[in-house]
Amino acid sequence: LFHQLIFIFWLSIVLFVFYSSIHFIFNYQSILQSYAAAQTLWTPVDHIRFSLAVACSIWLGIYLYRVDFYIKYLFEKNVYFFVSILLVIYLHILAVRSGLLGFYLSVLYFIFYFLWIKKQWKHALATTLIALVVCGLAIICSPTIATKIGYMKYDINEYLHHKNVQGKSDAGRLMSQEMAIQVIIKNKLLGVGLGDVERGIKNEYAQQHPEIIDAERLMPHNQFLFNTIAFGMIISALIGCLFLIFFGWNKNYQKWPLSCVYIVLISSFMTESTLEIQIGTTLFLFLTLMLHYQFKPLTEI
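What you see as residue numbers is a count from 1 along each chain, following the sequence as written. In view of the model being predicted, local features appear only for residues whose pLDDT reaches at least 70, and side-chain atom pairs are presented and counted only at 80 or more, with totals across whole chains, interfaces and linings using the full set of residues. The side-chain figures draw on all heavy atoms in the structure; neither hydrogens nor water molecules are used.

Elements are defined by DSSP. Helices are runs of H or I of four residues or more, strands are runs of E of two residues or more, and each kind is numbered from the N terminus. Residue placement: Tyr 70 occurs in the loop between α3 (47-66) and α4 (76-94). When a residue's accessible area, from a 1.4 Å probe over protein chains only, is under 20% of the maximum for its type it is buried; when over 50% it is exposed; and in between it is partly exposed. The exposure class assigned to Tyr 70 is partly exposed, which follows from its relative accessible area of 38%. Once the C-alpha coordinates of Tyr 70 and Gln 4 are considered, the two residues, 66 residues apart in sequence, prove to be 9.4 Å apart. Working rule for contacts: check all heavy atoms of both residues, and any pair within 4.5 Å makes them a contact. Excluding anything up to four places from it in sequence, Tyr 70 contacts Glu 76 and Tyr 80.

Shown next, in the form of structure tokens:
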């Protein structure tokens, strides 16, 4: 049943990616222009959480390949591998940094897994070469990466030179984190309470940047900062629990499917309030709990 559930999730993401890719092909020029204004191509849900789902699906497809899962024909397992490689390319075309960051961090772990945990340097070398070739080709061939990087440089430069951040994606995110830190400094022990996070942030904006309109006073794009505003220093215990899942008594760091997915999701906490919308919470709980339950009897796979 576990493998069937993994397959259903993986196939659902693949079908959405296929539709999104068709939409990109038929609206190529307009979508490229929209990327210059911090927009992205069509995704079924929030593009950030969808990029995380795609990054997780890459590893789930590779897992199905490695366990020789198939429904009717043996060759199906090869399809999982090659389609997962295509998902890597799509992830670069989508060019959402949360998904890319999580993917690259999980690739580093995957190489580390074979090199230090499994002591299989040939597998580590092969993984490194495949990652370099596929990711290199994806970056070179992606028409959206360069546009995204150019916009990001402009946006961050605007923020660093203390210019107006209204309507600017990255500058607005950085400003939201700056405001969050100021709120935390003023309420570092117990926080302001979960229900008053928005009011605390917007009050800080009103004091320090009244020129920013209310609609542009963003909540902090960082899950750790968001929760620290709410709960104060007690959040350190919650952060400890997150790392305990990875380094705890079950040695989850030795179980690469769980670890790769976990790294993708946890890394997004640094740039997004991933759990503050339902789809983010659902994605995190569904994947981590299902994988943790499946692999908990094992200390290494």
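Picking up where we left off.
This part takes up helix α13 (residues 278-295). A helix's residues, less one, multiplied by 1.5 Å, set its expected span. Between the first and last C-alpha of α13 there are 26 Å, a value that for 18 residues agrees with the 26 Å anticipated at 1.5 Å per step. Within α13, burial applies to Gly 280, Leu 283, Phe 284, Leu 287, Thr 288, Met 290, Leu 291 and Phe 295. Summarising the axial view, the buried residues of α13 lie within an arc of 165°, below the 170-degree limit, and thus occupy one face. Opposite its buried face, α13 presents the exposed residues Gln 278, Leu 289 and Tyr 293, each directed more than 90 degrees away. Its buried side turned inward, α13 meets α1 (2-26), α3, α11 (235-247) and α12 (256-267). This arc is built from the directions going out from the helix axis to the C-beta atoms.

Turning our attention to the layout of surface pockets. A cavity here means a set of points on a 1 Å grid, drawn over the protein atoms and nothing else, where a 1.4 Å probe fits but cannot get out; a pocket is an open set with protein on both sides within 12 Å along at least five of seven lines, and a residue lines either one if it has an atom within 4 Å of a point. Grid points are joined across faces, edges and corners, and a volume is the space filled by probe spheres set on the points. Approximately 690 Å³ is the volume attributed to the largest pocket. Considering the residues around the largest pocket, the lining is formed by 30 residues, among which Val 96, Arg 97, Ser 98, Lys 148 and Asp 170 are closest to the centre. Looking at the lining of the largest pocket, the elements with two or more residues in it are α3, α5 (97-117), α7 (145-160) and α8 (169-186). Its residues assigned to classes, the lining of the largest pocket shows 16 nonpolar, nine polar and five charged. Considered as a void within the structure, the second largest pocket measures approximately 380 Å³ in volume. Taken together, 19 residues make up the lining of the second largest pocket; nearest its centre are Ile 62, Phe 81, Phe 110, Thr 127 and Ile 130. When residues of the lining of the second largest pocket are traced back to their parent elements, those giving at least two are α3, α4, α5 and α6 (121-141). The greatest single-element share of the lining of the second largest pocket, amounting to seven residues, is contributed by α6. All residues other than Ala, Val, Leu, Ile, Met, Phe, Trp, Tyr, Cys, Pro, Asp, Glu, Lys and Arg, Gly among them, are scored as polar; the first ten of these are nonpolar and the last four charged.

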